[in-house]
Amino acid sequence: MSGAFLHTIFDIAAWLAAAAAVYWLSRQGLRFPAQSFELPYIAALVFGAGLGAYLFGSVNLWLSGQNGIARSVEGALAGGIVAIELYKWTAGIAVRTGARFALPLALGVAIGRLGCYFAVLDDFTYGTPTALPWGHDFGDGVLRHPVQLYESAAMALFAQLYVLAVLNRNAFVITNGFYLVLAFYGAQRFLWEFLKPYGTLIGPFTLFHLLSLSILLYAAVMLATASQARPVHERAAA
């Protein structure tokens, strides 16, 4: 199978896993804000994520000295956040609406990154050369950091911890899960960026270093200003 075909297969699997996560959460007796199910909300999310994915992905490609159009998972995440915050501001929505996306996001990234791994060199998500025993040859005879697997494993770990928190009815994690997954994603992504061959933007930092820090800062502010969650009849309002 070609790398592009395998990438597509794992992209589809990531979306299916995210949908399954939404269904599983709905079976756990949790209550999430109704606004996150409304059509204008979903439309803003899709538009922002799509714009961010192509904008940041393509700019990073250009900064790395390559031509073309690219997509970025982190760009999609950042674009979606900005679009939703703007939508909520214009619509006068004060409630925090991201809680139900925590597990779908973690699973989607964990599975989707496997597709990036199997896409080999064409995907431009591989790592820098390494002499470590688990270095992977993506087709050019050079052993490189399989950073896609690093990120996949990290997000799979978060997904497992989040599921345990849901099963234990941890109200804080359920209510603030989206900001927790953003903080975790931003931190681990910041580290892996040092192992990627991307062009730098400021000093040793790439565009995605700065984007990771922005996401991490956003999550930290939202967590610091979150009111204490309280369980409601063994269910957590999220």
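Residues numbered from 1 in each chain as written. Predicted model: local features only at pLDDT ≥ 70, side-chain atom pairs only at ≥ 80, totals over all residues. Heavy atoms only, no water.

Student: Where do I start with the packing of aromatic side chains in this structure?
Tutor: To describe a pair of aromatic rings, one takes the distance between the centres and the angle between the planes. Per the counting criterion, the structure on display carries 17 aromatic pairs. Both rings, one in Tyr117 and one in Phe118, keep their centres 5.2 Å apart while their planes meet at 80°; by these two values the pair is edge-to-face. With centroids separated by 5.2 Å and ring planes inclined at 50°, the aromatic side chains of Tyr150 and Trp192 adopt a geometry described as tilted. Taken as a pair, Tyr150 in helix 5 (residues 147-167) and Trp192 in helix 7 (residues 177-192) lie far apart in primary sequence, 42 residues in all. Classification of Tyr150 as buried rests on a relative accessible area of 19%. Within the aromatic cluster, the residues linked to one another by ring pairs are Phe10, Tyr117, Phe118, Phe124, Tyr126, Phe138, Tyr198 and Phe208. The ring centre of Phe37 lies 3.9 Å from the NZ or CZ of Arg100, which sits over that ring. The ring of Phe208 is capped by Arg189, whose NZ or CZ atom sits 4.8 Å from the centre of that ring. (Phe/Tyr/Trp six-rings, centres within 6.5 Å; stacked < 30°, edge-to-face > 60°. Helix = DSSP H or I, 4+ residues; strand = E, 2+ residues; numbered from the N terminus. Buried < 20%, exposed > 50% of the residue type's maximum accessible area, 1.4 Å probe, protein only. Lys NZ or Arg CZ within 6 Å of the ring centre and 35° of its normal.)

Student: Can you walk me through the nonpolar core in this structure?
Tutor: In summary, soluble globular proteins display a tendency toward joint burial of nonpolar side chains. One finds Tyr162, Phe178, Val181 and Leu182 to be the most contacted residues of the largest nonpolar core, which totals 47 residues. Of all the secondary structure elements, the ones that give two or more residues to this core are helix 1 (3-26), helix 2 (39-63), helix 3 (73-91), helix 4 (102-118), helix 5, helix 6 (171-175), helix 7 and helix 8 (207-224). Among the elements that line this core, the one with the most residues is helix 4, at seven residues. Setting aside residues no more than four positions away along its own chain, Val181 makes contact with Ala102, Leu105, Ala106, Met155 and Phe158. (Core = buried A, V, L, I, M, F, W, Y, C linked by side-chain atoms within 4.5 Å. Contact = heavy atoms within 4.5 Å.)

Student: It is not clear to me how helix 2 should be interpreted in this structure. Could you clarify?
Tutor: Because an α-helix packs 3.6 residues into every turn, residues spaced three or four apart end up facing the same way. Taking 1.5 Å per residue, 25 residues should reach 36 Å; helix 2 reaches 36 Å between its end C-alpha atoms and fits that length. Inspection of helix 2 places Tyr41, Ala44, Gly48, Gly52, Ala53, Gly57, Ser58, Asn60 and Leu61 among the buried residues, and these make up the whole buried set. Contacts made by the buried residues of helix 2 are with helix 3 and helix 8. The first or second residue beyond helix 2 is Gly65, which carries a positive phi of 80°. (Expected span 1.5 Å × (residues − 1).)

Student: Can you walk me through the side chain of His7 in this structure?
Tutor: Within the element layout of this structure, His7 appears in helix 1. With sequence-adjacent residues up to four places away left out, His7 is seen in contact with Gly115, Cys116, Ala119 and Asp123.

Student: I would appreciate a short explanation of the pattern of salt bridges in the present structure.
Tutor: Close approach of charged atoms allows side chains of opposite charge to pair. For the structure shown, the criterion picks out five salt bridges. Here Glu151 makes a salt bridge to Arg113, at a shortest N to O gap of 3.3 Å. Of this pair, Glu151 sits in helix 5 while Arg113 is found in helix 4, placing the two residues 38 residues apart along the sequence. Taken as a pair, Glu151 and Arg113 share a single burial class, namely buried. Of the charged contacts in the structure, one is a salt bridge between Asp140 and Arg144, with a shortest N-O distance of 2.5 Å. For Arg144, a relative accessible area of 11% translates into the label buried. A cluster of three or more residues bridged by salt bridges with shared partners is formed by Glu74, Arg189, Glu193 and Lys196. (Salt bridge = Lys/Arg side-chain N within 4 Å of Asp/Glu carboxyl O.)

Student: Help me understand the packing of helix 2 against helix 3, please; the structure alone is not making it clear to me.
Tutor: For any two helices packed against each other, one specifies the crossing angle of their axes together with the interaxial distance. Contact geometry for helix 2 and helix 3: axes closest at 6 Å, N-to-C directions at 140°. It follows from the interaxial angle that helix 2 and helix 3 lie oblique. Relative to helix 3, helix 2 is oriented so that their crossing is right-handed. In this structure, helix 2 uses Pro40, Tyr41, Ala44, Leu45, Gly48, Ala49, Gly52, Ala53 and Phe56 to contact helix 3, whose residues at the interface are Gly75, Ala76, Ala78, Gly79, Gly80, Ala83, Ile84 and Tyr87. (Axes fitted to C-alpha atoms, helices over the stretch in contact; angles between N-to-C directions. Parallel < 35°, antiparallel > 145°, perpendicular 65-115°, else oblique. Left-handed = near helix turned anticlockwise from the far one by under 90°.)

Student: Quick question: what am I supposed to make of the side chain of Thr125 here?
Tutor: As for its placement among the helices and strands, Thr125 is situated in the loop between helix 4 and strand 1 (136-137). What makes Thr125 buried here is its relative accessible area of 10%. In this structure the side chain of Thr125 is engaged in a polar contact, spanning 3.4 Å, whose partner is the side chain of Gln148. Not counting chain neighbours up to four residues away, the residues in contact with Thr125 comprise Arg113, Cys116, Val147, Gln148 and Tyr198. (Polar contact = N/O pair within 3.5 Å; in protein donor to acceptor, adjacent residues only side chain to side chain.)

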